[in-house]
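# Architecture at a glance
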Amino acid sequence: MFETKDTEPIIELEKVGIRYGRGPEVLSNIDLSLQRGSFHFLTGKSGAGKTSLLSMMYLWQKPSRGRLSIFGNNVNFANRNSLSLFRRRIGVVFQDFRLLEHVSAFDNVALPLRVSGMSEKEIRKRVNELLKWVEIDRSTSAITSTLSGGEKQRVAIARAVINRPDILLADEPTGNVDNDIATKLMKLFIELNKLGTTVVIATHNENLINEFKYPCICLKNHNLKIVSAGERKNDMEI
Amino acid sequence: MIWKFKSSRHQELPLSKDSSNLFLKIMISISVFLFAVTLAGVLAINSMLVNWNASILGSLTVQIVPVSNADRQKAQEEILKQEQRAVALLEAMPEAKKVTPLNDGQLQSLLRPWLGDDVDINELPMPRLIDVKLKSGAEINFKQLAEKLATVAPQASLDNHKLWLNKLINFAAGLKVLALAVLLLVIGVTSGAIFYTTQTSLGLHKDVIEILHIMGAKDTYIAQQYAGRTAWLGLIGGIIGVLIAIPIIFLIAHLAGQIEGGIIDEARLSIGSWVAIVSLPLFSSLVAMQTAYYTVKHTLERMM
Ligand SMILES: Nc1ncnc2c1ncn2[C@@H]1O[C@H](COP(=O)(O)OP(=O)(O)O)[C@@H](O)[C@H]1O
Ligand SMILES: [Mg+2]
């Protein structure tokens, strides 16, 4: 329904500004165009606006000015229903997970499938498979609030990728896991990327950035700069 | 679409722990109780009205009593004149099917059982009677008719019992309108309470709703969870309300039955009326569900 041509950017920002209330602009005059199937890191100091930029991409925060297009549709003109349909094609890993604490790990991961009306039988199959993959399979029915931080993170990632989204946005997903697991999670994102998912990962983790040679979207002084893996070393400020 | 509860089998919103649930349950119980008792009253009045209407529909009798005049001849002429005018008036009524003034022979045969054969009724002051058959379904304004008759035939009088019954019918109909207004009021107040508690709950669960939205849930997905929860509260509250109302209705009926005169006797509730009262919990469940559903849709569109 919202198919874009391969040559058309999947996300496009033009002269976009973000501000909260009547405060100053967190980001100003942002121009950004992400091609379908691309993979980017998103870097910048704490408070630079990484979360703000991502929340605009998952269609929660509205740009306070400028144009945001997603799947070839100008978001300013989209109605509530189509926003919901767009969001179903975007997977999000939040910095603070934002899981439903009072339901099970299984129900959290099943959520994106349920809101889009998939049958329970199919949901059970898919969710159990993925939970096994992220090694949560022995505590699938445990209430989420009883899980450890690392387990919650894996549940959050499983929820983001369960319906093979067109876009995956991850806000510091490797924040509090050790490097082995961080690398394993990166491999999952790369797998998805190979299947065609456009990926943006906000991170502070220099090891990851150096190990996986993807371009960086760097936020600094309310502005944005794209730095490719080759020209990185001297210019990095994570 | 509201009926599709399949997709909301999973309650992501922890609505069963809302503290307003108890309030709503009690509120709905009281409302359904009031509704049931009032509805029983309306239905009873209705069945009374049907009986009374049946007894005054179809026909009426106009009587013209003799003037007390010393001159019998003159009195007789006067009464016949009035009879003619009354007949003309009645025949002009669109509701009248057939107007028959009883002739002397008929009048005599009506009176004979009381007076015996050997009384010459021409010697007595005889009232004249006019029998009016009405078209089916015709409703007569008795008061107006009585006034009109009085202008053309001052000695004419309408059947008294029917006139009195007509006043009673008007009173009962007024009472019925009042009771219907009370029913609407009860529905309105209950819906209002559901509206406000639902809005409060939406604010309370803002975080969860935000996550659902970001996952691509439409407002209807969230509205269905509220509808399901509130339908349940409406059902439980409704059952409690009806269970309290039934013995009260019996008590009132018993007390009313002790009134002399048999008027209330015609106010018996039919099987259909009882079915309506007993199925009130379904109705309250439906109203509660619809209210919650549309409150959520309305509020979310404005909230985020
Ligand atoms: N909900 C909010 N209300 C007001 N200010 C906010 C809000 N979220 C973020 N900010 C401000 O916007 C700026 C960017 O924040 P954020 O996007 O979270 O940066 P990052 O994710 O890079 O740390 C910060 O100065 C922060 O204080
Ligand atoms: Mg952040």
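In what follows, the accompanying structure is described. (Residues numbered from 1 in each chain as written. Chains lettered and ligands numbered in written order. Predicted model: local features only at pLDDT ≥ 70, side-chain atom pairs only at ≥ 80, totals over all residues. Heavy atoms only, no water.)

The next subject is the interface of chain B and chain A. Contact with chain B, which involves 20 residues of that partner, is made by 22 residues of chain A. Both faces considered, chain B and chain A share a buried interface measuring about 2,000 Å² in area, 63% of it formed by carbon and sulfur atoms. Summed over the shared surface of chain B and chain A, the number is two salt bridges. Counting every contact that joins chain B to chain A gives six residue pairs in polar contact (both at pLDDT 80 or more). Contributing elements (two or more residues each) for the side of chain B that touches chain A: α6 (206-214), α7 (219-257) and α9 (280-303) of chain B. In terms of residue count, α6(B) provides more of the side of chain B that touches chain A than any other element does, six residues in total. Residue composition of the side of chain B that touches chain A, by class: ten nonpolar, four polar and six charged. (Contact = heavy atoms within 4.5 Å. Buried area = accessible area lost by both parts, 1.4 Å probe. Salt bridge = Lys/Arg side-chain N within 4 Å of Asp/Glu carboxyl O. Polar contact = N/O pair within 3.5 Å; in protein donor to acceptor, adjacent residues only side chain to side chain. Helix = DSSP H or I, 4+ residues; strand = E, 2+ residues; numbered from the N terminus. Nonpolar A, V, L, I, M, F, W, Y, C, P; charged D, E, K, R; others polar.)

Residue and element names in this part refer to chain A. At this site the magnesium ion (ligand 2) is bound by Thr 51 (OG1) and Gln 95 (OE1), with donor distances of 1.9 to 2.5 Å. Of the two residues, Thr 51 is situated in helix α1 (residues 50-57) and Gln 95 in the loop between β6 (90-93) and α3 (105-115); the sequence distance between them amounts to 44 residues. For Gln 95, a relative accessible area of 41% puts it in the partly exposed group. (Donors = N, O, S within 2.8 Å, 3.2 Å for Na, K, Ca; no water. Buried < 20%, exposed > 50% of the residue type's maximum accessible area, 1.4 Å probe, protein only.)

Attention shifts here to the site of ligand 1. Residue and element names in this part refer to chain A. The full set of residues close to ligand 1 is Tyr 20, Val 26, Lys 45, Ser 46, Gly 47, Ala 48, Gly 49, Lys 50, Thr 51 and Ser 52. One of the backbone nitrogen or oxygen atoms of Gly 47 is found 2.7 Å away from an oxygen atom of ligand 1. In this structure, Lys 50 approaches ligand 1 through a main-chain N or O atom, which is 2.8 Å from an oxygen atom. In the complex, 54% of the free accessible area of ligand 1, which totals 560 Å², lies under the protein chains. Considering every element that reaches the shell around ligand 1, the biggest residue donor is α1, with three residues. Split by residue class, the shell around ligand 1 holds three nonpolar, five polar and two charged. (Near = heavy atom within 4 Å. Areas by Shrake-Rupley, 256 points an atom, 1.4 Å probe, with all protein chains shown as cover.)

Our focus in this paragraph is the environment of B:Pro94. Residues and elements named next belong to chain B. Mapped onto the secondary structure, Pro 94 falls in the loop between α2 (72-92) and β2 (96-101). We classify Pro 94 as exposed; its relative accessible area is 59%. Considering only alpha carbons, one finds Pro 94 and Met 215, 121 residues apart in sequence, at a separation of 70 Å.

Right, let's get into the pairing of strand β8 (residues 198-202) of chain A. Side-chain positions along a regular strand alternate between the two faces of the sheet. Residues and elements named next belong to chain A. Here β8 lies mainly inside the structure; five of its five residues are buried. Of the two faces of β8, both are covered, the one formed by Thr 198, Val 200 and Ala 202 as well as the one formed by Val 199 and Ile 201. Here strand β3 (residues 39-43) pairs with β8 via four bridges, running parallel. Each bridged residue has a counterpart across the sheet, and for Leu 42 the counterpart in β8 is Ala 202. (Pairing = 2+ DSSP bridges.)

Residue and element names in this part refer to chain A. Look at α3 against helix α4 (residues 120-133): their axes get within 10 Å of each other, and the N-to-C directions meet at 130 degrees. As the angle between them shows, α3 and α4 are arranged oblique. Note on packing geometry: the crossing formed by α3 with α4 is right-handed. Touching Phe 106, Val 109, Ala 110, Leu 113 and Arg 114 of α3 are Glu 120, Ile 123, Arg 124, Arg 126, Val 127, Asn 128, Leu 130 and Leu 131, all from α4. (Axes fitted to C-alpha atoms, helices over the stretch in contact; angles between N-to-C directions. Parallel < 35°, antiparallel > 145°, perpendicular 65-115°, else oblique. Left-handed = near helix turned anticlockwise from the far one by under 90°.)

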